[in-house]
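# Structure at a glance
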Amino acid sequence: MATLYGLEGRKAIVTGAGNGIGRAIALRLAEHGCALGVIDLDLAAAASTAEAITAAGGVAHAARADVSAGPEVTAALAELSERLGRVDILVNNAGVCKIGKMLECSEDDWRQTFGVNVDGLFHCTRAIAPGMVARGSGCIVNIASWMGKAGVAAYGAYCASKFAVISLTQTLACELGEHGVRVNAIAPGLIVETKMRDDSEPLRRAQGLPTSEERAKTIPRRRAGVPADIANAAAFLASDQADYITGETMNVTGGLWND
């Protein structure tokens, strides 16, 4: 399996990798031969992911950071870069989702959503991309959302932040392409088995919104997605098989969204 994408020996950093989608991406990249730097706000969760990788014979190191805080990102990436060396792949996965109508959204919720989802991408990319540019190679994968392509009631802050992720992906692709660096995004649909989903379901029920099980019945594939579905797409986009793909946002929605 490790020869499928030719990722052996590459170094990758994944944010928000303590659980859910980020953990699945880190594990999948490790399966394909990457050494991992695992970042999460919860150091114990990051360490658990790193331990799972090393137990399977891989190489992984964990660090804690709130990606919305520039100095914490700088410190965590410096620690991981010292252990890993160069960074070939950056996956900006860390994210939060606040549910509520725009007129009821607090300023704190708005700022936290943009702090993690947008500022986090900014901080990590600004720290890692210069090294990629200097070497003339590298890959950045940003985790957006299908809600970054369409406004959805009760998800105003989240939608706006994910629209920003898609826009930044396109801009970075334009700016870094001539330096051999590719930048793409993934737009997950309804994904279960994540902390974000577990946290949001009670809020959806409280607001009378459909549950994940109810929503899954309307998806063409007739099931919700799982973190492994996103990890599969991330491994492909990080590989040389995607060498001529940049500036794109790949839908992984089971047909929920196809624009």
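Look up: the structure comes first, before these words.
Since the structure is predicted, the reported quantities are computational estimates derived from the model, not experimental observations.

## Side note on the overall build of the chain
In terms of helices and strands, the chain carries eight helices and seven strands. Computed over its C-alpha atoms, the radius of gyration of the chain comes to 17 Å, within 12% of the 18 Å expected for a compact globule of 259 residues. Principal axes of the C-alpha set define a box for the chain whose edges measure 50 × 35 × 35 Å. By the burial criterion, 51% of the 259 residues in the chain qualify as buried. Considering only contacts in the chain between residues 6 or more positions apart, those separated by 24 or more positions represent 70%. About 11600 Å² of surface is accessible on the chain, with carbon and sulfur atoms providing 53% of the total. Computed over 24 positive and 28 negative side-chain charges, the separation of the two mean positions in the chain equals 4 Å.

## Comments concerning unusual backbone geometry
Its identity is not glycine, yet alanine 154 carries a phi of approximately 75°, on the positive side. Residue arginine 222 is not a glycine yet carries a positive backbone phi of 60°. With respect to the helices and strands, arginine 222 occurs in the loop between helix H7 (212-216) and helix H8 (227-238). Overall, arginine 222 belongs to the exposed group, its relative accessible area being 57%.

## A few points about the nonpolar core
The biggest cluster of nonpolar side chains holds 35 residues, and the ones touching the most others in it are Val14, Ile25, Leu29, Leu36, Val91, Ile186 and Ile230. Put simply, the parts of the chain that give this core at least two residues each are strand S1 (11-15), helix H1 (20-31), strand S2 (35-40), helix H2 (43-55), strand S3 (60-64), strand S4 (89-92), strand S5 (138-143) and H8. Counting residues per element, this core draws most heavily on H8, which supplies seven residues. In this view, valine 14 contacts Gly22, Ile25, Ala26, Leu29, Leu36, Gly37, Val38, Ile39, Val91 and Asn93; residues no more than four positions away in its chain are not counted.

## Points about the side chain of asparagine 184
The residue asparagine 184 is located in strand S6 (residues 181-188) in this model. Since its relative accessible area comes to 0%, asparagine 184 is described here as buried. There is a polar contact of 3.2 Å between the side chain of asparagine 184 and the backbone nitrogen of glycine 247. When near neighbours in sequence (up to four residues on either side) are disregarded, asparagine 184 contacts Ile140, Val141, Asn142, Thr169, Leu237, Ile245, Thr246, Gly247 and Glu248.

## Some remarks on the pattern of salt bridges
Within this structure, the stated rule accounts for seven salt bridges. Among the ionic pairs, arginine 111 bridges to glutamate 107, the shortest N-O distance being 2.9 Å. One end of the pair, arginine 111, and the other, glutamate 107, are both in helix H4 (residues 107-135), four residues apart, so they sit about a helical turn from each other. Of the charged contacts, one joins aspartate 229 and arginine 223 as a salt bridge, the two residues approaching to 3.0 Å between their closest N and O atoms.

## A few points about the sheet that holds S4
For sheets, the rule is that strands pair by backbone hydrogen bonds, running either parallel or antiparallel. Reading across the sheet, the seven strands line up as S3-S2-S1-S4-S5-S6-S7 and stay open at both edges, with parallel pairing between neighbours. Every interior strand has two partners, whereas the edge strands, S3 and strand S7 (249-252), have only one. Sheet twist, expressed as the average angle between the axes of neighbouring strands with direction ignored, equals 15°. Sheet analysis places S5 next to S6, joined by six bridges and oriented parallel. In the strand pairing of S6, glycine 138 is matched with valine 181. The strands that H2 touches are S2 and S3; relative to S3, the one it contacts most, it runs at about 175°. On top of the sheet, H4 reaches S1, S4, S5 and S6; it is set at about 170° to S4, its chief contact.

What counts, and where the lines are drawn
Residues numbered from 1 in each chain as written. Predicted model: local features only at pLDDT ≥ 70, side-chain atom pairs only at ≥ 80, totals over all residues. Heavy atoms only, no water. Helix = DSSP H or I, 4+ residues; strand = E, 2+ residues; numbered from the N terminus. Rg over C-alpha atoms; globule rule 2.2 N^0.38 Å. Buried < 20%, exposed > 50% of the residue type's maximum accessible area, 1.4 Å probe, protein only. Contact = heavy atoms within 4.5 Å. Areas by Shrake-Rupley, 256 points an atom, 1.4 Å probe, with all protein chains shown as cover. Lys, Arg positive; Asp, Glu negative; His and termini not counted. Charge placed at Lys NZ, Arg CZ, Asp CG, Glu CD. Core = buried A, V, L, I, M, F, W, Y, C linked by side-chain atoms within 4.5 Å. Polar contact = N/O pair within 3.5 Å; in protein donor to acceptor, adjacent residues only side chain to side chain. Salt bridge = Lys/Arg side-chain N within 4 Å of Asp/Glu carboxyl O. Pairing = 2+ DSSP bridges. Axes fitted to C-alpha atoms, helices over the stretch in contact; angles between N-to-C directions.

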